[in-house]
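# Remarks on the overall topology
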Amino acid sequence: MKKSKAFTVSCVFSALIVVVLAVYAIFCLINSCIVPDILIFLTAVSFLLTLPFILIKKIPDKLKAVITSLIFVLFSACFAFFNFCGGPVQFKEIEETASINRYRIEFGDFDDITSYKYYSPGIFSDLAYTTIASYDDDAFEDQKTRIDHKYEFYDTDPVDDNPIPPFTVQDFEFRITVNDAYSLGYPKELLLIGINENSKKIAYVDFENNDLDSISDYADFLDFYCGWTYIFK
């Protein structure tokens with residue numbers, strides 16, 4: 001039996017919902033972005049909502065076409081609104097390049113080093129670069145001494161009602177450096193340094209968000225504002 005044009009249209013709109021997510025996922029893969037769970041959920045719900053209007057024969061074909069097209073329009077609007085307000089989070093490992101000499105000056109005589117970029121776009125965007133370096137016993141002690149001499153760290157709450165550093169995450173004991181006179185100030189621009197005595201690793205987290213006014217929990221801040229959760233996912 002030949003299907004009506006209205007039925008074909010409803011099938012096309014249903015398929016387009018999946019196609020939109022597939023194209024978006026390819027875009028995210030190419031740009032080292034993470035497909036948000038909310039968009040996967042939105043796609044699944046929208047696609048499932050169209051199925052009854054395609055599979056139930058008693059529903060008139062024209063009504064099927066109208067309902068599935070309406071679902072697709074609403075799905076597209078939600079999809080566009082999400083990307084207008086923020087878009088996908090970018091997280092990628094930065095390849096070690098010829099800048100190794102700069103690394104040696106800044107991070108000492110390490111055995112291994114890895115850097116990551118985390119960028120959460122939107123009205124209140126977060127940008128963080130995390131570098132984790134591992135050392136042998138002697139170099140580890142030397143680097144700790146160098147850090148203590150080079151930086152001043154907060155030992156009281158930097159802002160009223162904010163937690164008091166240091167704090168520990170996954171055996172890294174993090175301290176927050178005191179901002180210099182040319183920075184945006186706490187907590188809009190931060191350098192966090194975490195020392196792991198067990199693994200002989202030191203993590204350097206360089207964070208910036210021009211609109212951030214306070215931090216309620218440092219562990220959550222590190223995970224969700226700096227992208228730490230993606231490093232050890």
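The structure this text deals with has already been given above.
Residues numbered from 1 in each chain as written. Predicted model: local features only at pLDDT ≥ 70, side-chain atom pairs only at ≥ 80, totals over all residues. Heavy atoms only, no water.

## What to know about the overall build of the chain
Spelled out, the test is: Here a strand is any run of E in DSSP of at least two residues, a helix any run of H or I of at least four, and the numbering for each starts at the N terminus. Computation of the radius of gyration draws on C-alpha atoms alone. For the globule rule, the value is 2.2 Å times the number of residues to the power 0.38. Only protein chains enter the accessibility calculation, which uses a 1.4 Å probe; a residue whose area is less than 20% of its type maximum is buried, one above 50% is exposed, and one in between is partly exposed. Any two residues having at least one pair of non-hydrogen atoms within 4.5 Å are treated as being in contact. Here the open area of atoms and residues is found with the Shrake-Rupley method and a 1.4 Å probe, where only the protein chains shown may cover a residue. Asp and Glu are treated as the negative residues and Lys and Arg as the positive ones, with His and the ends of the chain left uncounted. For this purpose, a charge sits on NZ of Lys, CZ of Arg, CG of Asp or CD of Glu.
Counting secondary structure elements, the chain contains 7 helices and 8 strands. On C-alpha atoms alone, the chain measures out to a radius of gyration of 25 Å, which is more than a quarter above the 17 Å that the 2.2 N^0.38 rule sets for 233 residues. Considered along the principal axes of its C-alpha atoms, the chain spans approximately 80 × 40 × 30 Å. Buried positions account for 39% of the 233 residues belonging to the chain. Relative to all contacts within the chain whose residues are 6 or more apart in sequence, the contacts with residues 24 or more apart total 63%. Working note: accessible area of the chain is about 13,700 Å², and carbon and sulfur atoms make up 59% of it. Taken together, the 19 basic and 33 acidic charged side chains of the chain have centroids lying 22 Å from each other.

## What to know about helix α1 (residues 5-30)
Here is the rule we go by: Residue count minus one, scaled by 1.5 Å, sets the expected span of a helix.
Here α1 contains 26 residues, and its C-alpha end-to-end distance of 36 Å stays within 8% of the 38 Å for a straight helix at 1.5 Å per residue. Of the positions making up α1, those classed as buried are Ala6, Phe7, Ser10, Ser14, Ile17, Leu21, Tyr24 and Cys28. The secondary structure elements touched by the buried residues of α1 are β1 (33-34), α2 (37-55) and α3 (61-85). Immediately beyond the C-terminal end of α1, within one or two residues, lies serine 32, with a positive phi of roughly 55°.

## A closer look at the sheet that holds strand β4 (residues 126-134)
To be explicit about the condition: At least two bridges found by DSSP between two strands is the condition for calling them paired.
Pairing in this open sheet of 8 strands is antiparallel, and the strands run β1-β2-β3-β4-β8-β7-β6-β5 from one edge to the other. Where the open sheet ends on each side, the last strands, each with one partner, are β1 and β5 (167-169). Judged from the 9 bridges that link them, strand β3 (residues 112-120) and β4 form a sheet pairing that is antiparallel. When the sheet's bridge partners are listed, serine 115 is paired in β4 with threonine 131.

## Points about the packing of aromatic side chains
Our working definition: The criterion for an aromatic pair is that two Phe, Tyr or Trp rings (for Trp, the six-membered ring) have centres within 6.5 Å, with stacked assigned to planes under 30 degrees apart, edge-to-face to planes over 60 apart and tilted to the rest.
Going through the model one piece at a time under the given rule, you end up with 20 aromatic pairs. A centroid spacing of 4.5 Å and a plane angle of 50° characterise the contact between phenylalanine 107 and tyrosine 204, whose relative ring orientation is tilted. Of the two residues, phenylalanine 107 sits in helix α4 (residues 100-107) while tyrosine 204 sits in strand β8 (residues 201-208), which places them 97 residues apart along the sequence. Taken individually, phenylalanine 107 and tyrosine 204 each receive the classification buried, so the pair is uniform in this respect. A ring pair is formed by phenylalanine 172 and phenylalanine 232, whose centres lie 6.4 Å apart and whose planes are at 50°; its orientation type is tilted.

## Points about the side chain of serine 10
By secondary structure assignment, the location of serine 10 is in helix α1. Here serine 10 falls in the buried class, since its relative accessible area comes to 0%. Once you skip the residues sitting within four places of it in the chain, serine 10 turns out to touch Ile54, Lys64, Ala65 and Thr68.

## Some points on a nonpolar patch on the surface
As a reminder of what qualifies: Patches here: salt-bridge-free residues with over 30% relative accessible area, like charges joined within 9 Å, nonpolar side chains (Val, Leu, Ile, Met, Phe, Trp, Tyr) joined within 5 Å. The rule for a salt bridge is simple: a side-chain nitrogen of Lys or Arg has to be within 4 Å of a carboxyl oxygen of Asp or Glu.
Residues Val12, Leu16, Val19 and Val23 make up a contiguous nonpolar surface patch of roughly 300 Å² in combined accessible area. Here valine 12 lies in helix α1. Judged by its relative accessible area of 43%, valine 12 falls in the partly exposed class.

## Here we look at the state of the cysteines
In plain terms, the rule: Cysteine sulfur pairs qualify as disulfides if the two atoms are within 2.5 Å.
Under the defined criterion, the tally for this structure stands at 0 disulfides. Cysteine 226 forms no disulfide, and the closest cysteine sulfur to it belongs to cysteine 33, at a distance of 18 Å.

## Concerning a negative patch on the surface
There is a patch of like negative charges on the surface, built from Asp111, Asp112, Asp136, Asp137, Asp138 and Asp142. If you trace the backbone, aspartate 138 turns up in helix α5 (residues 137-150). Since its relative accessible area comes to 60%, aspartate 138 is described here as exposed.

## Here we look at the pattern of salt bridges
The final tally for this structure, using the stated rule, is 5 salt bridges. Glutamate 197 is paired through a salt bridge with lysine 144; the nearest N and O atoms lie 2.8 Å apart. Here glutamate 197, found in the loop between β7 (189-196) and β8, pairs with lysine 144, found in helix α5; they are 53 residues apart in sequence, far enough to count as distant. When its relative accessible area of 15% is taken as the criterion, lysine 144 is described as buried. A salt bridge links arginine 175 to aspartate 148, with the nearest nitrogen and oxygen atoms 3.0 Å apart. On the criterion of sequence distance, the pair formed by arginine 175 in strand β6 (residues 172-176) and aspartate 148 in helix α5 is long-range, its members being 27 residues apart. By relative accessible area, arginine 175 is classed as partly exposed at 23%. Assessed through its relative accessible area of 41%, aspartate 148 is described here as partly exposed. Bridged by salt links that share partners, the residues Glu141, Lys144 and Glu197 form one connected network.

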